[in-house]
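# Structure assessment
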Amino acid sequence: MSDARGFGVDVGGSGIKGSVVDVGTGHLAQVRVRLPTPVPSTPPAVAEAVAEVVARFGWDGPVGVALPCVVKDGTTLTAANIDHGWLQTDARAVLSGRLGGREIAVLNDADAAGLAEVRFGAGRGHHGVVVLLTFGTGIGSALFLDGELVPNTELGHLEVDGHDAETRAAASVKEEHHMSWEKWANRVSRYIRVLEDLVWPDMVVVGGGVSRRAERWVPLLEVRTRVVAATLHNDAGIVGAALAARERLAR
Ligand code: BGC
């Protein structure tokens, strides 16, 4: 394998996706593998699925794993859209144990997506305060100042009109309630307006699977800040996790 390759796995609410990544270009080096997220998504069950994804590629190097949790020093501290067994779990040890003791980098999924977008995608070359928001099962956030990540921001849980923002404006809410793009974009606008009054970003990058349909909803947003669509879409988490493993970016 070439020296510019890494391996990333993105653990989401519905799927666990992974691939070999060319960390020089940010492209997937092979077609990604996606397995359904086990139910319940306990640490051992997820570790098993991660090991299965890695094994499909015959990869034996370090692996980066993005989880929908606050992660500090390899320990997962929150579990909003994943089994509560991840609370206060040494995720690095659980994953490494299942993967033959190899080196594992564990980080928040939105932070992983942000690292990829800032290095290779919509955030590339942008200075100042950049916020990446991922719209999926929940809302994830990654905050950057001059390209440097401030990890674990959890801005998807801002309180908006008395509600946890992600329960109103995540992409899964649009899907569940068969909401029109207009109605959902109104909710996203309301959310970003609260966020921009608190953080004052120079740019907001919107990601997650719905960023593939950005032309349907980004032009409808009524917010002060410049909003651009992510360019790595659903691969951003995989790419960022691989970068974290290669460059020891996880803290
Ligand atoms: C979690 C975040 C995660 C986001 C996207 C939120 O519910 O609290 O840690 O980044 O979902 O998966």
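Note that this is a predicted model, so its numbers are computed, not measured. (Residues numbered from 1 in each chain as written. Predicted model: local features only at pLDDT ≥ 70, side-chain atom pairs only at ≥ 80, totals over all residues. Heavy atoms only, no water.)

Looking only at helices and strands, the protein has 8 helices and 16 strands in total. Compactness check: the protein gives a C-alpha radius of gyration of 17 Å against a globular reference of 18 Å for 251 residues, within 12% of the reference. In the protein, the share of contacts with a sequence separation of at least 24, taken over all contacts with a separation of at least 6, comes to 63%. In the protein, which carries 25 positive and 30 negative side-chain charges, the distance between the mean positions of the two groups comes to 4 Å. (Helix = DSSP H or I, 4+ residues; strand = E, 2+ residues; numbered from the N terminus. Rg over C-alpha atoms; globule rule 2.2 N^0.38 Å. Contact = heavy atoms within 4.5 Å. Lys, Arg positive; Asp, Glu negative; His and termini not counted. Charge placed at Lys NZ, Arg CZ, Asp CG, Glu CD.)

Let us now look at the packing of aromatic side chains. The final tally for this structure, using the stated rule, is 6 aromatic pairs. Plain terms: the ring middles of Phe135 and Trp184 are 5.7 Å apart, the flat faces sit at 85 degrees to each other, and that makes the pair edge-to-face. With Phe135 in strand S10 (residues 129–135) and Trp184 in helix H6 (residues 181–199), the pair connects residues that are 49 residues apart, well separated along the chain. Grouping residues by exposure puts Phe135 and Trp184 together as buried. Among the aromatic side chains, those forming a connected cluster through ring pairs are Phe135, Trp181, Trp184 and Trp217. (Phe/Tyr/Trp six-rings, centres within 6.5 Å; stacked < 30°, edge-to-face > 60°. Buried < 20%, exposed > 50% of the residue type's maximum accessible area, 1.4 Å probe, protein only.)

Once that is clear, we can look at the site of the ligand. Taken together, the neighbourhood of the ligand is formed by Pro68, Cys69, Ala80, Asn81, Asn108, Asp109, Ala110, Ile139, Gly140, Glu154, His157 and Glu166. Glu154 has a polar side-chain atom sitting 2.5 Å from an oxygen atom of the ligand. Between an oxygen atom of the ligand and a side-chain N or O atom of Glu166, the distance comes to 2.7 Å. The protein chains hide 93% of the 320 Å² of surface that the ligand would expose on its own. When residues of the shell around the ligand are traced back to their parent elements, those giving at least two are helix H3 (109–120) and strand S11 (139–145). Across the shell around the ligand, the residue classes tally to 5 nonpolar, 4 polar and 3 charged. (Near = heavy atom within 4 Å. Polar contact = N/O pair within 3.5 Å; in protein donor to acceptor, adjacent residues only side chain to side chain. Areas by Shrake-Rupley, 256 points an atom, 1.4 Å probe, with all protein chains shown as cover. Nonpolar A, V, L, I, M, F, W, Y, C, P; charged D, E, K, R; others polar.)

This paragraph deals with the nonpolar core. Of all hydrophobic cores here, the largest spans 31 residues; its most connected members are Leu133, Phe135, Trp184, Val188, Tyr191 and Trp217. At the level of secondary structure, the elements contributing two or more residues to this core comprise S10, S11, helix H5 (171–176), H6, strand S15 (203–207) and helix H7 (214–217). The contacts of Tyr191, once residues within four sequence positions are left out, are Leu133, Phe135, Ile139, Leu155, Gly156, Leu158, Val160, Ala165 and Ala169. With 30 residues, the next largest nonpolar core counts Ala66, Ala112, Leu132 and Ile238 among its residues. (Core = buried A, V, L, I, M, F, W, Y, C linked by side-chain atoms within 4.5 Å.)

What the 5 strands build is an open sheet, ordered S12-S11-S10-S15-S16; its pairing is mixed. With partners counted over all chains shown, the strands left at the sheet margins are strand S12 (148–150) and strand S16 (226–229), one partner each. Sheet twist, expressed as the mean angle between neighbouring strand axes with direction ignored, is 30 degrees. Judged from the 7 bridges that link them, S10 and S11 form a sheet pairing that is antiparallel. Within S11, the position partnered with Val129 by the bridge is Leu145. Sheet strands in contact with H3 are S10, S11 and S12, and its direction is about 45 degrees off that of S11. On the sheet, H6 packs against S10 and S11 and is oriented at approximately 150 degrees with respect to S10. (Pairing = 2+ DSSP bridges. Axes fitted to C-alpha atoms, helices over the stretch in contact; angles between N-to-C directions.)

This part takes up helix H2 (residues 91–98). By the burial criterion, the buried members of H2 are Ala91, Leu95 and Ser96. Seen end-on, H2 carries its buried residues on one side only, within an arc spanning 120 degrees. Looking at the buried residues of H2, the elements they touch are helix H1 (43–56), strand S5 (63–67), strand S7 (75–76), strand S8 (89–90) and strand S9 (104–108). At the C-terminal side of H2, Gly100 shows a positive phi close to 70 degrees. (Arc of directions from axis to C-beta.)

To continue, consider the environment of Gly6. You can see Gly6 is positioned in strand S1 (residues 5–11). Judged by relative accessible area, Gly6 falls into the buried class, the value being 2%. Sequence spacing of Gly6 and Asp22 is 16 residues, and the spatial spacing of their C-alpha atoms is 6.5 Å. Beyond its immediate stretch of four places on either side in the chain, Gly6 contacts Ser19, Val20, Val21, Val23, Trp59, Ala242 and Arg246.

This paragraph deals with the pairing of S15. Burial runs high along S15: 5 of the 5 residues are buried. Burial of S15 is two-sided: the residues Met203, Val205 and Gly207 facing one way and the residues Val204 and Val206 facing the other way are all buried. Relative to S15, S10 runs parallel, the two sharing 5 bridges. In the strand pairing of S15, Val131 is matched with Val204. With 4 bridges connecting them, S15 and S16 associate as parallel partners. Pairing of Val206 across the sheet is with Ala229, part of S16.

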